[in-house]
Amino acid sequence: MRVSLLQLNSSEDPSHNVRVMRSMLDDAVADGAGFALLPEVANCLGANRKRQMEVLQPEATDPTLAALREEAARHGIWLLIGSLALKTDDPDGRFANRSILISPEGEIAARYDKLHMFDVQLSETEQYQESQGYRPGTEAVIAKTPFATIGLSICYDLRFPYLYRSLAQAGAEILTVPAAFSYATGPGHWEPLLRARAIECGAWVLAPAQTGQHGEGNGALRRTHGHSLIVSPWGEVMGDAGTAPGVLSVELDMASVSQARQKIPALQHDREFIGPE
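Owing to the predicted nature of the structure, the values given are computational and were not obtained by experimental measurement.

Asks: Hey, could you run me through helix H3 (residues 63-75) in this one?
Replies: Along an α-helix, residues three or four apart share an orientation, since each turn contains 3.6 residues. In this model H3 runs 18 Å from its N-terminal to its C-terminal C-alpha over 13 residues, within 8% of the 18 Å that 1.5 Å per residue would give. When H3 is considered as a whole, its buried residues turn out to be Thr64, Leu65, Ala67, Leu68, Glu71, Ala72 and His75. End-on view of H3: buried residues confined to an arc of 165°, all on one side of the axis. Opposite its buried face, H3 presents the exposed residues Glu70 and Arg74, each directed more than 90 degrees away. In this structure, the buried side of H3 is in contact with helix H1 (14-30), strand S3 (78-86), strand S4 (96-102) and strand S5 (108-113).

Asks: Help me understand the pattern of salt bridges, please; the structure alone is not making it clear to me.
Replies: For the structure on display, the rule yields 18 salt bridges. Between glutamate 59 and arginine 111 there is a salt bridge, with its nearest N and O atoms 2.8 Å apart. Placement of glutamate 59 in the loop between helix H2 (49-55) and H3 and of arginine 111 in strand S5 is noted, with a sequence separation of 52 residues between them. Among the residues examined, glutamate 59 registers a relative accessible area of 16% and is labelled buried. Taking relative accessible area as the criterion, arginine 111 reaches 42% and is therefore assigned partly exposed. Of the charged contacts, one joins arginine 98 and aspartate 113 as a salt bridge, the two residues approaching to 2.6 Å between their closest N and O atoms. Here arginine 98, found in strand S4, pairs with aspartate 113, found in strand S5; they are 15 residues apart in sequence, far enough to count as distant. Both residues of the pair, arginine 98 and aspartate 113, belong to the buried class.

Asks: Sorry if this is basic, but what is going on with the sheet that holds strand S2 (residues 35-37) here?
Replies: Adjacent strands of a sheet form backbone hydrogen bonds with each other and so pair up, either parallel or antiparallel. Sheet architecture is open: six strands sit in the order S5-S4-S3-S2-S1-S16, paired in mixed fashion. Every interior strand has two partners, whereas the edge strands, S5 and strand S16 (246-251), have only one. The sheet shows a mean angle of 20° between the axes of neighbouring strands, taken without regard to direction. Alignment of strand S1 (residues 2-7) against S2, held across three bridges, turns out to be parallel. Note that in S2 the partner of serine 4 across the bridge is alanine 36. In this fold H1 packs onto S1, S2, S3 and S16, with an angle of close to 150° to the strand it touches most, S1. Packing against the sheet, H3 makes contact with S3, S4 and S5, and its axis sits at approximately 180° to S3.

Asks: Just checking my understanding: could you explain the packing of H1 against H3 for this structure?
Replies: Geometrically, a packed helix pair is captured by the angle between its two axes and the distance between the axes. Direction vectors running N to C along H1 and H3 enclose 15°, while the axes themselves pass 10 Å from each other. Relative to H3, the element H1 lies roughly parallel. Where H1 crosses over H3, the two elements pack in a sense that is right-handed. Note on element contacts: H3 touches H1 through Thr64, Ala67, Leu68, Glu70, Glu71, Arg74 and His75, opposite Pro14, Val18, Met21, Arg22, Leu25, Asp26 and Val29.

So, how was this worked out
- Here the residue numbering is sequential within each chain, running from 1 through the sequence in written order.
- Confidence filtering applies because this is a predicted model: local features only for residues at pLDDT of at least 70, side-chain atom pairs given and counted only at 80 or more, and all residues used for totals across whole chains, interfaces and linings.
- Computation of side-chain values: all heavy atoms of the structure, hydrogens and water removed.
- Secondary structure elements are taken from DSSP: a helix is a run of H or I of four residues or more, a strand is a run of E of two residues or more, and numbering for both begins at the N terminus.
- One less than the number of residues in a helix, times 1.5 Å, gives the span that helix is expected to have.
- Exposed residues in this analysis have more than 50% of their type's maximum accessible area, buried residues have under 20%, and partly exposed residues fall in between, with area computed by a 1.4 Å probe over protein chains only.
- Comment: arc refers to directions from the helix axis out to C-beta atoms.
- Contact between two residues is taken to exist if any of their heavy atoms lie within 4.5 Å; hydrogens are not considered.
- Put simply, a salt bridge is a Lys or Arg side-chain nitrogen that is within 4 Å of an Asp or Glu carboxyl oxygen.
- Only strands that DSSP links by at least two bridges are regarded as paired with each other.
- The axes are straight lines fitted to the C-alpha atoms, using for helices just the contacting stretch, and the angles between their N-to-C directions are given from 0 to 180°.
- Orientation categories follow fixed angle ranges, with anything under 35 degrees roughly parallel, anything over 145 roughly antiparallel, 65 to 115 roughly perpendicular, and all other angles oblique.
- Left-handed describes a crossing in which the near helix is turned anticlockwise from the far one by less than a right angle; the clockwise case is right-handed.

In structure tokens:
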């Protein structure tokens, strides 16, 4: 299976972002991709809550989702929409940060709402309270496809290894980690965490990322790390997209999953223990 990670610099204009994604999907398919992956919040990325309320839609009427379902069917490929920001029925008006897997027929094969909210203060001037704008999910999700079983996750989930161990023990051979990873933490944390999850689980890790600056200023700018990565089950970085928008493609050898797990069958070696108190 040839996979393509689409590294985006999404704006706060969903229609513009869709045009960019369509063009990049054309490039990925021309390069032989059978599975293409988009990053987190592919439809709208910024920090302007008012703008989000104006342009975001519920899943049932979201134009980005409709367009990407058409693209998957047109090209006959599997497509992971890393995530979409979507309106919900949450009483506090919070959005969903939802990853959606689309089949080659354009049907929704799986949905996953981000479990772990990025509520952090990185410095006196940079802090994030994702839980104020987004409601967390409650369910871990795997999706079975003809080429592999896929475990879904999003960005900050990456820091919670028990989630990935659960996905791998449930059969996941590919772990997807679409992200809009902070520029402040990316240089030190992004690659080590992705390689650790691949090694711990003996799984392919596919991490399409946002890159660059997003938003329109006036306190609404965000900056993301880029460096979409493809990591083998042995922890080797097989592809790094750098910091420019573009398409990163690699051929996956799925036999390497069973080979890594046979050599180090750690997924079978859990033990119960007492403490700490």
